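# Observations on chain architecture
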Amino acid sequence: AATQPNGAFQQWCVANPAQAQSVVARAKAGDELARQFVGFALRAANDIDTAVEFTETFDDDRRVSGMTALAHMQYADAAAAHRAVSVMLPFVGASAEDGVRLNALLAAFDVLKVHPDAAIAGQLVRAAVADTGPLTLHGLTQVVWLHPTLLDEATLDLALKTLQAIAPENLGTINLLDMALRHLLGTPREFLALDFLTEKLQDNALTIEHFDSVAHELQQGDQGRLYKLVVRWLLSGSIALCNNVSDLVGVNEGHAFDTTIAP
């Protein structure tokens, strides 16, 4: 509900194009209030050129406003959409500030959601994985969660390997990652999620309890998959993984573990 006034302002801009252009002009001139709302004025006018100008010209919050506007524009065709993504690509890389990288990455994938291109998605991820800060890692987690079908297998693997660097204290990002991994289970690429989990839980900083959505799906889903994972962890020689087995299996009065050998 908190975003509804923004939508109302955008509709007002549609009905009052001259006033909307005044907001854009005032934002260019540095007016503080106009800068807060200029993204909605740009979206209302579908003013792609000015959004590109804001993205390329300014180095403050107006750059982010330009990117956010580009994420929600109506493009004539895929080529036009991909040109907008190319404007944001340089700001996904390591030379940009962490918060800018986050916004550029998410805005670019919002465009690709409508006009998908696996090669461009790969370029964005390869730019994002260099010298990642916590915000870029959070953005990359959102990409894996919200847009996994836009990533080919190699790109998804690269993203997940990079996400091993998420600090255990960044629980908001860990929670998103839990949902992202959960959505990979039951797909042809679920092995990437299980590989990630096997690697991540070996350093004792996190446990399977931090990935409760994944754990629930493993416990309640395909039992053959669960048994293979249990055997894999027991054979690993990792004390941390073996400790997680007992939590994952969770034998208690309410949950029996079927030890039939066939599965």
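Below or above, wherever it landed, is the structure these notes cover. All of these numbers come straight from a predicted model, not from anything done at the bench. (Residues numbered from 1 in each chain as written. Predicted model: local features only at pLDDT ≥ 70, side-chain atom pairs only at ≥ 80, totals over all residues. Heavy atoms only, no water.)

## Here's the deal with unusual backbone geometry
One non-glycine residue, Asp-131, adopts positive backbone phi at about 50°. One can find Asp-131 in the loop between α8 (118-128) and α9 (134-146). Phi at Asn-204 takes a positive value of approximately 70°, unusual for a residue other than glycine. Position of Asn-204 relative to the elements: it lies in the loop between α12 (190-200) and α13 (212-220). With a relative accessible area of 58%, Asn-204 lands in the exposed category. (Helix = DSSP H or I, 4+ residues; strand = E, 2+ residues; numbered from the N terminus. Buried < 20%, exposed > 50% of the residue type's maximum accessible area, 1.4 Å probe, protein only.)

## A few points about the environment of Thr-155
Among the secondary structure elements, Thr-155 is positioned in helix α10 (residues 153-163). A sequence separation of 33 residues divides Thr-155 from Gly-122, and the C-alpha atoms of the two residues are 5.7 Å apart. Excluding its chain neighbours within four sequence positions, the residues that come into contact with Thr-155 are Ala-121, Gly-122 and Val-125. Side-chain polar atoms of Thr-155 contact the side chain of Asp-152, separated by 2.7 Å. (Contact = heavy atoms within 4.5 Å. Polar contact = N/O pair within 3.5 Å; in protein donor to acceptor, adjacent residues only side chain to side chain.)

## Description of the packing of aromatic side chains
One pass over the full model with this rule turns up three aromatic pairs. Ring plane angle 20° and centroid distance 5.8 Å describe the contact between Phe-9 and Trp-12, whose orientation is recorded as stacked. Placement of both Phe-9 and Trp-12 in helix α1 (residues 4-15) is noted, with a separation of three residues, approximately one turn of the helix. Centroid distance Phe-54 to Phe-58: 5.1 Å. Interplanar angle 65°. Geometry classified as edge-to-face. A single burial state applies to Phe-54 and to Phe-58, both of which are buried. One aromatic cluster in this structure is built from Phe-9, Trp-12 and Phe-37. (Phe/Tyr/Trp six-rings, centres within 6.5 Å; stacked < 30°, edge-to-face > 60°.)

## Thoughts on the pattern of salt bridges
As enumerated under the stated definition, the model contains 11 salt bridges in all. Note that Arg-62 and Asp-60 form a salt bridge whose closest N and O atoms lie 2.7 Å from each other. Between Arg-182 and Glu-217 there is a salt bridge, with the nearest N and O atoms lying 3.4 Å from each other. A residue pair is termed long-range when its members are at least 10 positions apart, and Arg-182 in helix α11 (residues 171-184) and Glu-217 in helix α13 qualify at 35 residues. Note on Arg-182: relative accessible area 29%, which makes it partly exposed. Within the structure, one salt-bridge network assembled from shared partners comprises Arg-35, Asp-60, Asp-61 and Arg-62. (Salt bridge = Lys/Arg side-chain N within 4 Å of Asp/Glu carboxyl O.)

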